[in-house]
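# Summary of the model geometry
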Amino acid sequence: MKNSSVGLSDFREVHILNRYYLDKTLFIKEVINCKDKIILITRPHLFGKTLNMTMLKYFFELSPKSAENRKLFNNLNITKEAEFDLFQGKYPVIYISFKDISASKFEDTLDNIKNIAAEIFNSFKYLVESLEPADKQYFENILSKNVNQDDLIESIKKLCGFLHGYHAIAPILLIDEYDTPLEVSYVSNYYLAMSSFLKKFFNATLKNNTNIFKTVVTGILVVDKKVIFRGINNMGIFTILSSMFADKFGFVKSEVEQLAKDRKIPPEYTEIERCYKGYIFGKTVIYNPFSILQYVTSYYDNFKVYWANAVSYDIVKKMIINSSSDIKNELRLLLQNQKITKRLNENIVFLDLEKDENNIYNYLFFSGYLNALNKCKTEEYVTYDLIIPNVEIQTFYKNLIRTWFSDAYSTDVITDMFTYLVLGDRMGIEYIFNDFILTTLSYFDSADRNVEKIYQAFLLAAIINLNDTHDVNVEQDLKEGRYDVVLMPCNKSKLALVLGIKRKNVDESKTKALNSAVRHIKSRKYADDLLHRGYEKILELGLIFDGKYCWTKKG
C-alpha cells in the first residue's frame, strides 16, 4: 500500500515518491476546453489547489524535462484523452506562487515578491542572449533584485513577451494563492498599499495581454474584484458555488470509498461521513481532502480536528469576537445544528468586513467554515440556508469560543457558573453572574453597556460547556429583551433548570421585573413540558439584568 501524500503539494514529488494519489488529471482537460482565457478558481485552504496547479505546470511545460514529465502521467485519466498528445509539453509555463508570503510589513512583502520574480526569471535565463540591450539589462536587474516598484509591476508582462518572442508560442501563466498577500496585509494593517500594488500588477500582467495563451489563477476568495481585477474583462470566475471544476478540488464519495478500501480501514473506524463530509461545491458533495488523508493515516486515533488546526484563523477569530450580539446569536443557532438564511456575495471586500456584518458570512462560507443549501432566487436577490458542514468545523467553532472565554474569563469563573447552574444554587448563580456581567462588559469595552452581549456570551458558554451533559434550548423575544433558557440534563434523575432572563426596564422596580420574569416562564409552561419528558426535579428561576448587576427569584 502506497504511503499517504498528506503534506505534499507538488505533483512531481507525489509521483516520484510513489505516494497515494487520487486522479484529478481531467482537470487539465477542463482547463483546456474552458472558453475563458483567464480562469480564477477559489477554494478553501488545503483543498488541493497547489497540487492541481503544479500538475498543470508539469503537463504543459515546454522544457528539456518535457519527456520526463510525460511519464508522471502514466496510467492517469488524462492519457486517454485527445488533449494529452495535443497539449502535453508544448508551452512555456510561468508559475508564480504567493502562498508563502507572510511578512508583517509592506516593504518586506515587496522584497518577497522581488525574490519570487528573480527565481522565475532565473529559470528562463536562456532568454538573455536573445534580448535587446535594454531588455537584457532589465532582465539582469530582476535577477539581482535591483528594481523599483514600477519595474516589479511590469516584470511578468515583460517575461511573457520575452518567451513569446523566443519560442513563437505564447506561454501559459499559473498564479497560485494570489490572495495570500491581501489576507496577510489585512491582518497586518497594510492592506491599502498591498491592494494598490496588486491591482497594478494584475492589470499590467493580464489586461489585453496577447503574449499569454491561457492564465489560471487560484485563491481562497474573490477579493475586491472591482479593484484588484479592474478592467480585466475576459476572466471566468469559478467559486465553490460554481459547477465547473466542482469535483476537481477535494474528494467525492467514490474516491473516499476507494481510499478507505485501499487503506483497509475497518468499518467501525469510519468517522469520515460524520466528521469530514458536508461541503457542496456547485451541486457536488465534497469531503475535506486534508482531513481525510490525515484520518486514513491514523484512523485508530479516532476523530481529530485536522484541517481547522492547520490553517490560520486570525480573521475568523477577530470577526466573531468583535461581532454584534445578533451575529453571536446566529452562531449559537448554528452550533445547535440549526440553519440561518443569508444572501451570499462572491466578491469579498476586506475593508467592508467590519462595516457590514453580513460580509462575515461571505468570508466564513467561501473560506470553508460554513456550507450553503437550498438556494432560493427572488427578483431582488438569492439566499441560501447556511449550516456548519460537519463535526470537525463544529468542534473548531467550540474551541474558538473556548479560547475566547479563556482570554476573557478565568477558568474558575466559568466552572463555578455552570456548577451553580447544574446544582440550581440560586445565590451562587446570582453571585457569579454579577462577576460575569462586569467581566463581559469590560472585555467588549461596550460604551452603551449593551446587555445583549451578556446574553450571547452566556448562551454560547452554556452550549459549549454543557453540550456533553445537557440539551440547551433557547427561546428569545428580542423586542421584549427576553431569553428563556431550558437546561435539560441527559440524566433525567438530575435537576432540570428553566431560566427566564430579562432586561429590567428603566421604569420598572427590581421586584416588579423579577415577578414579571417568573410569571413569564410559568405562563410558557416549561415545567409541564419537562414533567412530560420525565424530569421530576425542576427549578424555575427568573433572572434580571440592570446595568452592571443582576438579581434572581425562584419561581
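Residues numbered from 1 in each chain as written. Predicted model: local features only at pLDDT ≥ 70, side-chain atom pairs only at ≥ 80, totals over all residues. Heavy atoms only, no water.

With that settled, consider the overall build of the protein chain. Regarding its fold elements, the protein chain presents 24 helices and 17 strands. Judged by the C-alpha coordinates and their principal axes, the protein chain covers about 90 × 55 × 45 Å. For the protein chain, the residues scored as buried account for 55% of the 555 residues in total. Nonlocal contacts in the protein chain, meaning residues at least 24 apart in sequence, comprise 72% of its contacts between residues at least 6 apart. Split by element, the accessible area of the protein chain, about 24,900 Å² in all, is 47% carbon and sulfur. Of note, the protein chain has its 72 positive side-chain charges centred 2 Å away from the centre of its 69 negative side-chain charges. (Helix = DSSP H or I, 4+ residues; strand = E, 2+ residues; numbered from the N terminus. Buried < 20%, exposed > 50% of the residue type's maximum accessible area, 1.4 Å probe, protein only. Contact = heavy atoms within 4.5 Å. Areas by Shrake-Rupley, 256 points an atom, 1.4 Å probe, with all protein chains shown as cover. Lys, Arg positive; Asp, Glu negative; His and termini not counted. Charge placed at Lys NZ, Arg CZ, Asp CG, Glu CD.)

Moving on: the sheet that holds strand β9 (residues 340-343). On the basis of which strands lie adjacent, the open sheet formed by three strands has the order β9-β12-β11 and antiparallel pairing. Strands at the two margins of the open sheet, each flanked by one partner only, are β9 and β11 (371-377). Within the sheet, the average angular offset between the axes of one strand and its neighbour, ignoring direction, is 35°. Relative to strand β12 (residues 382-387), β11 is paired through five bridges, and the arrangement is antiparallel. Looking at the pairing, N371 lines up with I387 of β12. Helix α17 (residues 325-335) rests against β9 and β12 of the sheet, and its axis sits at about 125° to β9. Contacts from helix α18 (residues 358-366) reach β9, β11 and β12, with the element oriented near 95° to β9. (Pairing = 2+ DSSP bridges. Axes fitted to C-alpha atoms, helices over the stretch in contact; angles between N-to-C directions.)

The next point concerns the confidence of the model for the protein chain. With 94% of its residues at a pLDDT of 70 or more, the protein chain shows a mean pLDDT of 89. Contacts for the low-pLDDT stretch residues 445-449, under 50 throughout, to residues beyond four places or in other chains number four contacts. (pLDDT = per-residue confidence, 0-100.)

Under the counting rule described, the total for this entry stands at 18 salt bridges. Between E81 and K29 there is a salt bridge, with the nearest N and O atoms lying 2.8 Å from each other. Here E81, found in the loop between α4 (66-71) and α5 (83-87), pairs with K29, found in helix α2 (residues 26-33); they are 52 residues apart in sequence, far enough to count as distant. We note a salt bridge from E30 to K248, for which the minimum N-O separation is 2.6 Å. Residue E30 is found in helix α2, and its partner K248 is found in the loop between β6 (235-238) and α12 (253-262); the two are separated by 218 residues along the sequence. Exposure remark for E30: the relative accessible area of 22% places this residue in the partly exposed category. A cluster of three or more residues bridged by salt bridges with shared partners is formed by E30, D247 and K248. (Salt bridge = Lys/Arg side-chain N within 4 Å of Asp/Glu carboxyl O.)

Across the interface, helix α6 (residues 106-122) lies against helix α7 (residues 133-144) with an axial gap of 7 Å and an inter-helix angle of 125°. As summarised for this structure, α6 and α7 are arranged oblique, according to the angle between their axes. For α6 against α7, the interelement crossing comes out left-handed. Along its contact with α6, which presents A117, A118, F121 and N122, the element α7 presents Y138, F139, I142 and L143. (Parallel < 35°, antiparallel > 145°, perpendicular 65-115°, else oblique. Left-handed = near helix turned anticlockwise from the far one by under 90°.)

Before going further, it helps to spend a moment on unusual backbone geometry. Despite not being glycine, N75 shows a phi value in the positive range, around 70°. By the element assignment, N75 lies in the loop between α4 and α5. One non-glycine residue, N374, lies in positive phi territory at about 55°. Here N374 shows up in strand β11.

Here we take up the packing of α6 against helix α10 (residues 191-206). Two numbers describe how α6 lies on α10: the axes approach to 10 Å, and their chain directions differ by 30°. Relative to α10, α6 is oriented roughly parallel. Side by side, α6 and α10 meet where F106, T109, L110 and I113 of the first sit next to A193, M194 and F197 of the second. For the contact of α6 with α10, the residue count by class is six nonpolar, one polar and no charged. (Nonpolar A, V, L, I, M, F, W, Y, C, P; charged D, E, K, R; others polar.)

Here strand β15 (residues 496-503) lies mainly inside the structure; seven of its eight residues are buried. Taken together, the six bridges between strand β14 (residues 482-489) and β15 define a ladder with antiparallel strand orientation. Bridging across to β15, Y483 finds its partner in I501. The turn joining β14 and β15, which pair antiparallel and follow one another in sequence, is formed by six residues. Strand direction decides the pairing type here: β15 and strand β16 (residues 538-546), joined by eight bridges, are parallel. Residue K502 lies in a different strand from β16, and its bridge partner there is I544.

So, on to the nonpolar core. Judged by nonpolar contacts, the single largest core of 151 residues is most densely connected at F202, Y397 and F458. Ranked by residue count, the leading element in this core is helix α22 (residues 451-466), at ten residues. Once residues within four sequence positions are removed from consideration, F202 is found in contact with F98, I175, Y178, K207, I228, F229 and I232. Of all hydrophobic cores here, the second largest spans 33 residues; its members include L8, I39, Y58 and F84. (Core = buried A, V, L, I, M, F, W, Y, C linked by side-chain atoms within 4.5 Å.)

Position of D85 relative to the elements: it lies in helix α5. Taking C-alpha positions, D85 is 27 Å from L8, a pair spaced 77 residues apart along the chain. The residues touching D85, leaving out its near neighbours within four places in the chain, are R70 and K90. Among the polar contacts listed, one links the side chain of D85 to the side chain of R70, at a separation of 2.5 Å. (Polar contact = N/O pair within 3.5 Å; in protein donor to acceptor, adjacent residues only side chain to side chain.)

Within the secondary structure layout, H470 lies in strand β13 (residues 470-477). Relative accessible area serves as the criterion here: at 8%, H470 is assigned to the buried category. Here the side chain of H470 touches T469 through a polar contact of 2.8 Å, side chain to side chain. In contact with H470, other than residues within four places in its own chain, are V422, L487, M488, P489 and C490.

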